[in-house]
Amino acid sequence: MTRLTFTEEQQQALHQERFEHPHPRVQQRMEVLWLISQGLVYAEAARLAGVSQATVDRYVTLYRQGGLPALREWKWGTATSELLDHRVSLEESFRRNPPHTVAEACQRIKDETGLERGPTQVRAFLKKCLA
């Protein structure tokens, strides 16, 4: 594997954003890459940043694939349930004829939408929609 090299501009961006980026996880990514840019080996960067070597490897891979913009990107918690596309029709159905059990709700969701979901997901969906 080739050694990472950083321009002076990239080093300055890493240094600045390790403190100033609004998301703490992105700050951590920047800290790890900044330490590496200062000549530290991955294991030492991991120890100083308080992360595992596997995490350092992931951050380096992310940087190799997309540079600084990839490190800045944070997608955690952005996934949405496919059930939300059927919220209105399911809500009407459940209000007209409330399910007696979560298992019944799972089966009705499958029958009405074709989406098969487990009890935990259905329970969360019901709480969100029928609360």
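Residues numbered from 1 in each chain as written. Predicted model: local features only at pLDDT ≥ 70, side-chain atom pairs only at ≥ 80, totals over all residues. Heavy atoms only, no water.

### Digging into the overall build of the protein
Point 1. Tallying secondary structure elements over the protein gives seven helices and zero strands in all.
Point 2. Along the chain direction, N to C, the helices and strands of the protein fall in the order α-α-α-α-α-α-α.
Point 3. At 23 Å, the protein has a C-alpha radius of gyration far larger than the 14 Å of a compact globule built from 131 residues.
Point 4. The C-alpha extent of the protein, read off along each of the three principal axes, is 65 × 25 × 25 Å.
Point 5. Here the protein holds 131 residues, and 35% of them are scored as buried.
Point 6. Considering only contacts within the protein whose residues lie at least 6 apart along the sequence, 49% involve residues at least 24 apart.
Point 7. When the accessible surface of the protein is summed, it comes to about 8,700 Å², and 51% of that surface belongs to carbon and sulfur atoms.
Point 8. Averaging the coordinates of the 18 positive side-chain charges in the protein and doing the same for the 16 negative ones gives two points 4 Å apart. (Helix = DSSP H or I, 4+ residues; strand = E, 2+ residues; numbered from the N terminus. Rg over C-alpha atoms; globule rule 2.2 N^0.38 Å. Buried < 20%, exposed > 50% of the residue type's maximum accessible area, 1.4 Å probe, protein only. Contact = heavy atoms within 4.5 Å. Areas by Shrake-Rupley, 256 points an atom, 1.4 Å probe, with all protein chains shown as cover. Lys, Arg positive; Asp, Glu negative; His and termini not counted. Charge placed at Lys NZ, Arg CZ, Asp CG, Glu CD.)

### Side note on the nonpolar core
Point 1. Ranked by internal contacts, the top residues of the largest apolar core, which has 21 residues, are Leu14, Val32, Leu33 and Ile36.
Point 2. For this core, the elements supplying multiple residues, two or more each, are helix H1 (8-20), helix H2 (24-37), helix H3 (42-49) and helix H4 (53-72).
Point 3. When residues in this core are grouped by element, the largest group, seven residues, is from H2.
Point 4. Residue contacts for Val32: discarding those within four places in its chain leaves Ala45, Ala49, Val51, Val56 and Tyr59.
Point 5. Counting eleven residues, the second largest nonpolar core, distinct from the first, contains Phe94, Ala105, Phe125 and Leu126. (Core = buried A, V, L, I, M, F, W, Y, C linked by side-chain atoms within 4.5 Å.)

### A word on the side chain of Glu17
Point 1. Note on placement: Glu17 falls in helix H1.
Point 2. Setting aside residues up to four positions removed in sequence, Glu17 forms contacts with Gln27, Met30 and Arg72.

### Structural notes on the packing of aromatic side chains
Point 1. Summed over the entire model, instances satisfying the criterion amount to one aromatic pair.
Point 2. Note that Arg18 overlies the ring of Trp34, its terminal NZ or CZ placed 3.6 Å from the centroid. (Phe/Tyr/Trp six-rings, centres within 6.5 Å; stacked < 30°, edge-to-face > 60°. Lys NZ or Arg CZ within 6 Å of the ring centre and 35° of its normal.)

### What to know about the packing of H2 against H3
Point 1. Across the interface, H2 lies against H3 with an axial gap of 9 Å and an inter-helix angle of 140°. As judged from the angle between their axes, H2 and H3 are oblique. Both H2 and H3 take part in a crossing whose hand is right-handed. Residue-level contacts link Gln28, Glu31, Val32, Leu35 and Ile36 of H2 to Tyr42, Ala45, Leu48 and Ala49 of H3.
Point 2. Taken together, the residues of the contact of H2 with H3 break down into seven nonpolar, one polar and one charged. (Axes fitted to C-alpha atoms, helices over the stretch in contact; angles between N-to-C directions. Parallel < 35°, antiparallel > 145°, perpendicular 65-115°, else oblique. Left-handed = near helix turned anticlockwise from the far one by under 90°. Nonpolar A, V, L, I, M, F, W, Y, C, P; charged D, E, K, R; others polar.)

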